[in-house]
Amino acid sequence: MTDQAVDTGGVKLSGHDRSTVATDSQFLGRTRELKELRADIERAGLDTISGRKAPRARVLLVAGKHGSGRTALAEELVRQVAERYEDGVLRARLGEPDGTPVPVSRAARDLLAALGAPPPAGAAEDDLTEALRTALAGRRVLLLLDDAADAEQVDALLPDSPDSLVVAVAGGPLTGIADVRPCTLGGLDTKSAVELLSRRTGSVRITVDPRAAEGLVEECRAQPAALVMAGGWLAARPKAAVADLAKHLRAAGDEDAPVARVLGLVYASLPSAAARMLRLLCLAPAGLVDPHTASALAGSSVNGARTTLDDFVALGLLRPVESPLPQYEVPGWLHPLLKALADTHDKPAELQLARARMLERTVRLLQSCRAITETDSPQAREKLLGLPRALRFPNPRAAAEWLTVRRPALLAAARLAVSDGELDTLARRLMSQLVRALVAHFGTQAAAPDLYGLHQLVLDVAERRGLHREKAAALLNLADVDARTGRTADALTRYRAALDAGREANDPYATGRAMESVGGAYQELGDHDRAADWFGRALAQRQARDEREDAARLYGRIGTAHTYAGRYGEAQRNWRAAVAGYRKTGDLAAQARALSELARVQEYAGRPEESLRTCQEAADQARRADDVRLQAALQLRLADTLDHLGDPAAAGLHRQAAERMLGDEIAPATAPVPAPAPGPAAGSAPESAAVPAPEAPDGSEPGAAPGTVPEQTSTTEAPEPADQAAGPEQAANTYEIRSTSAED
């Protein structure tokens, strides 16, 4: 294949929600319904009648079957009244194409992201809905909730502000939401239905035989979806008469719904390859299809798939999605009909093969999406050149745009692959590549919510397949996010589960990392004795494996725990062991940081002269390591110690040296503070030093363990420690998964 299907040409994203479809600007009919809905906005509610202010937003309900034009009516209402709501319009789709309700947590998270207030990764549903209500408080917004499955979904997302408006679209009444009168849709009025046909077919055939047009409208029961398909069928056959189509539909009988009868006629007229592609679109994740998806499902070229998809749009079968890349949406009314066709004409094994081809294509596109960011790597360049041209991106910006546009479909593909249960190998490869691509383009912070969900899926597959190493890795990644977002008790539970899984897998790195993380969680919870105990267990394992750098870092973590507990003698012994360990590895910068922490503990223990000597030694090591920032921090530490010893002149010289090293702009941030007390009470955290404490002795983020574990990919960046004074403390651990697939 030589076509370039993934090049966006540098087009900027439009920022529109995927539910905003490119449609004709003119809306037909529904005059009475629109008038009733607009009047309902101003109607006095039960609370107003009883003299109370409405506690929540007014809810308008558009009820009707799929294909009745219910979403189009809701969108037209939103267009007409949007200017009243100065804080904008928000949209959320509450139903999957197959009818499965969208979890409230996912809808709430998407709405919060649209508001510019993304919640922490892994937050519970109650926390998300509360955060959404808080974000909407005091705002005047218009919220469109499409394809709602039940009242509970809508109720959970309602703003508390009575100045906001919610327009819900559902199949029937939403029993349970007070003061809601549904606007129930039937067919269009005859005049509007005929006009809709005329727009699709051209006015001539309608004008010459108006009775036939009215008969066709009657056969379609004036349902917009059926009329659009009928118009598309006629438009593709310029010589066919309107009466001929009405005759065909009457011959088909009236046992089926109008949309099913018209679809049957349209489907029968398609070439076999196009008909097969159409019915396989029921496998498209989230009902979103692009040329690559259709190409992989049907086994055709990408260009050929693009042409066929455009033909489907002309026939009224698909809706184009407004985006810089070609993308189409399978309407909700069409999905069950396509699934029925696929079940009738395709064997289960053929459907599974089509799904596998689609997932394999997605994996390769994600590989290309990530590889374009690694062009400095010869291996990445070689891998990129080995891909077909149709799978390559011209530049990182084009890849990022593709990833942004296809993100909902990609996440849905991962969920569907895992729920399938028979494609776990592909599912694992897909999740591994998706995690890597998200991190490469958006960073771990921005992508954290998506990554959290993906690691939950990894955990599901690992538990189902008995993959203990992957289970340990997924649990560690999930626990890291829990720890970062303040859910320390949950993190501790997952770290312990990861330890069990690591032991089952006989994976020394996973068990060591889990033991260290358990210690970090206890440290965060204030149980410093248990923290020191678990750090000690991890240390023993590292020593048994002769992992000297990790052992040195763990000595520092044990010293930190003892410092917090007020056991300064134990703390000093462990920090000296850390210094000796880094000396053996030749890591001068880590040795300087460990000496700095030792000096801090000596000062807490009431030994300022010894602390001064240790800090001077640390400064010498930092100078040898050519670490200017660390040298400056240590110069300021020396200045504070000299202040405590009553030598302000010497202290001033050290501060001037620090300012020369880093520049005058850091002076306000590192101004001296009063000397700390001789030492904190046992069990309490030591006071912060007068300057920002240097980094962890090993140069890594506090709490992060080096190394990688197969099948996992880093999902979170370690946060800044809460109290740098204690050295390398608890923080989110990073964990990298590496796929075992041939592509990696």
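For clarity, every value in this text was computed on a predicted model and none was experimentally measured.

1. Digging into the sheet that holds strand β2 (residues 89–93)
Turning to step 1, where the next piece is worked out: In space, the five strands of this open sheet follow the order β2-β3-β4-β1-β5, with parallel pairing throughout. Since the sheet does not close on itself, it has two edges, and those belong to β2 and β5 (182–184), each with one partner. With direction set aside, neighbouring strand axes in the sheet form an average angle of 15°.
Turning to step 2, where the next piece is worked out: Note: strand β1 (residues 58–63) against β5, three bridges, orientation parallel. Bridged to Leu61 within β5 is Pro182.

2. Quick word on the nonpolar core
Turning to step 1, where the next piece is worked out: One finds Leu216, Leu281, Phe312 and Leu454 to be the most contacted residues of the largest nonpolar core, which totals 130 residues.
Turning to step 2, where the next piece is worked out: For Leu281, the contacting residues outside a window of four places in its chain are Val289, Ala294, Leu297, Leu309, Phe312, Leu318, Val330 and Leu338.
Turning to step 3, where the next piece is worked out: Among the nonpolar cores identified, the runner-up in size contains 33 residues, and Ala57, Leu112, Leu158 and Val166 belong to it.

3. Structural notes on the side chain of Thr563
Turning to step 1, where the next piece is worked out: Relative to the elements of secondary structure, Thr563 occurs in helix α25 (residues 548–565).
Turning to step 2, where the next piece is worked out: Here Thr563 falls in the buried class, since its relative accessible area comes to 2%.
Turning to step 3, where the next piece is worked out: A polar side-chain atom of Thr563 sits 2.7 Å from the main-chain carbonyl oxygen of Gly559.

4. Focus on the environment of Gly264
Turning to step 1, where the next piece is worked out: As for its placement among the helices and strands, Gly264 is situated in helix α12 (residues 258–268).
Turning to step 2, where the next piece is worked out: The exposure class assigned to Gly264 is partly exposed, which follows from its relative accessible area of 37%.
Turning to step 3, where the next piece is worked out: Separated by 12 residues in sequence, Gly264 and Ala252 place their C-alpha atoms 9.0 Å apart.

5. Quick look at the packing of aromatic side chains
Turning to step 1, where the next piece is worked out: The tally for this structure, following the rule as stated, stands at two aromatic pairs.
Turning to step 2, where the next piece is worked out: Centroid distance Phe393 to Trp402: 5.4 Å. Interplanar angle 55°. Geometry classified as tilted.
Turning to step 3, where the next piece is worked out: Their ring planes at 40° and their centres at 6.4 Å tell us that Tyr568 and Tyr604 sit as a pair that is tilted. Pair noted here: Tyr568 is in helix α26 (residues 568–585) and Tyr604 is in helix α27 (residues 588–604), with a separation of 36 residues, a long-range link.
Turning to step 4, where the next piece is worked out: Residue classification places Tyr604 among the buried residues on the basis of a relative accessible area of 6%.
Turning to step 5, where the next piece is worked out: Above the face of the Trp534 ring, Arg537 is positioned so that its terminal group lies 3.9 Å from the ring centre.

6. A word on the sheet that holds strand β7 (residues 319–320)
Turning to step 1, where the next piece is worked out: Reading across the sheet, the three strands line up as β6-β8-β7 and stay open at both edges, with antiparallel pairing between neighbours. Because the sheet does not close on itself, it has two edges, and the strands there are β6 (288–289) and β7.
Turning to step 2, where the next piece is worked out: Across two bridges, the pairing between β6 and strand β8 (residues 328–329) is antiparallel. Across the sheet, Leu288 pairs through a bridge with Glu329, a residue of β8.

7. Concerning the packing of α12 against helix α16 (residues 334–345)
Turning to step 1, where the next piece is worked out: For the pair α12 and α16, the least separation of the axes is 11 Å and the interaxial angle reads 50°. Viewed along their axes, α12 and α16 adopt a mutual orientation that is oblique. Here α12 and α16 pass one another in a crossing that is right-handed. Between α12 and α16, the residues in contact are Val259, Ala260, Leu263 and Tyr267 and Leu334, Leu337, Leu341 and His345, respectively.
Turning to step 2, where the next piece is worked out: In terms of residue class, the contact of α12 with α16 is made up of seven nonpolar, one polar and no charged.

8. With respect to the pairing of β1
Turning to step 1, where the next piece is worked out: Buried residues dominate β1, accounting for six of its six residues.
Turning to step 2, where the next piece is worked out: Going residue by residue along β1, you find Arg58, Leu60 and Val62 tucked away on one face and Val59, Leu61 and Ala63 tucked away on the opposite face as well.
Turning to step 3, where the next piece is worked out: Relative to strand β4 (residues 165–170), β1 runs parallel, the two sharing six bridges. Within the sheet, the bridge partner assigned to Arg58 lies in β4 and is Leu165.

9. Examining the packing of helix α7 (residues 190–201) against helix α10 (residues 224–235)
Turning to step 1, where the next piece is worked out: Relative to each other, α7 and α10 sit at 35°, their axes nearing to 8 Å. For the crossing formed where α7 meets α10, the hand is right-handed. For the pair α7 and α10, the contacting residues are Ala193, Leu196, Leu197, Arg200 and Thr201 in the first and Pro224, Leu227, Val228, Ala230, Gly231, Gly232, Leu234 and Ala235 in the second.
Turning to step 2, where the next piece is worked out: When its residues are assigned to classes, the contact of α7 with α10 shows nine nonpolar, three polar and one charged.

10. Observations regarding the pattern of salt bridges
Turning to step 1, where the next piece is worked out: This model, assessed by the stated rule, comprises 51 salt bridges.
Turning to step 2, where the next piece is worked out: With a closest N to O distance of 3.4 Å, Asp146 and Arg93 form a salt bridge. With a gap of 53 residues between them, Asp146 in strand β3 (residues 142–148) and Arg93 in strand β2 connect regions that are remote in the sequence.
Turning to step 3, where the next piece is worked out: For Asp146, a relative accessible area of 6% gives the class buried.
Turning to step 4, where the next piece is worked out: A salt bridge links Arg553 to Glu516, with the shortest nitrogen-to-oxygen separation between them at 2.3 Å. Within this pair, whereas Arg553 is found in helix α25, its partner Glu516 is found in helix α23 (residues 508–524), the two being separated by 37 residues in sequence.
Turning to step 5, where the next piece is worked out: A relative accessible area of 2% means that Arg553 is categorised as buried.
Turning to step 6, where the next piece is worked out: Connected through salt bridges with shared partners, the residues Glu516, Arg542, Arg545, Glu547, Asp550, Arg553 and Arg557 form a single ionic network.

The rules behind each value
- Residues numbered from 1 in each chain as written.
- Predicted model: local features only at pLDDT ≥ 70, side-chain atom pairs only at ≥ 80, totals over all residues.
- Heavy atoms only, no water.
- Pairing = 2+ DSSP bridges.
- Helix = DSSP H or I, 4+ residues; strand = E, 2+ residues; numbered from the N terminus.
- Axes fitted to C-alpha atoms, helices over the stretch in contact; angles between N-to-C directions.
- Core = buried A, V, L, I, M, F, W, Y, C linked by side-chain atoms within 4.5 Å.
- Buried < 20%, exposed > 50% of the residue type's maximum accessible area, 1.4 Å probe, protein only.
- Contact = heavy atoms within 4.5 Å.
- Polar contact = N/O pair within 3.5 Å; in protein donor to acceptor, adjacent residues only side chain to side chain.
- Phe/Tyr/Trp six-rings, centres within 6.5 Å; stacked < 30°, edge-to-face > 60°.
- Lys NZ or Arg CZ within 6 Å of the ring centre and 35° of its normal.
- Parallel < 35°, antiparallel > 145°, perpendicular 65-115°, else oblique.
- Left-handed = near helix turned anticlockwise from the far one by under 90°.
- Nonpolar A, V, L, I, M, F, W, Y, C, P; charged D, E, K, R; others polar.
- Salt bridge = Lys/Arg side-chain N within 4 Å of Asp/Glu carboxyl O.

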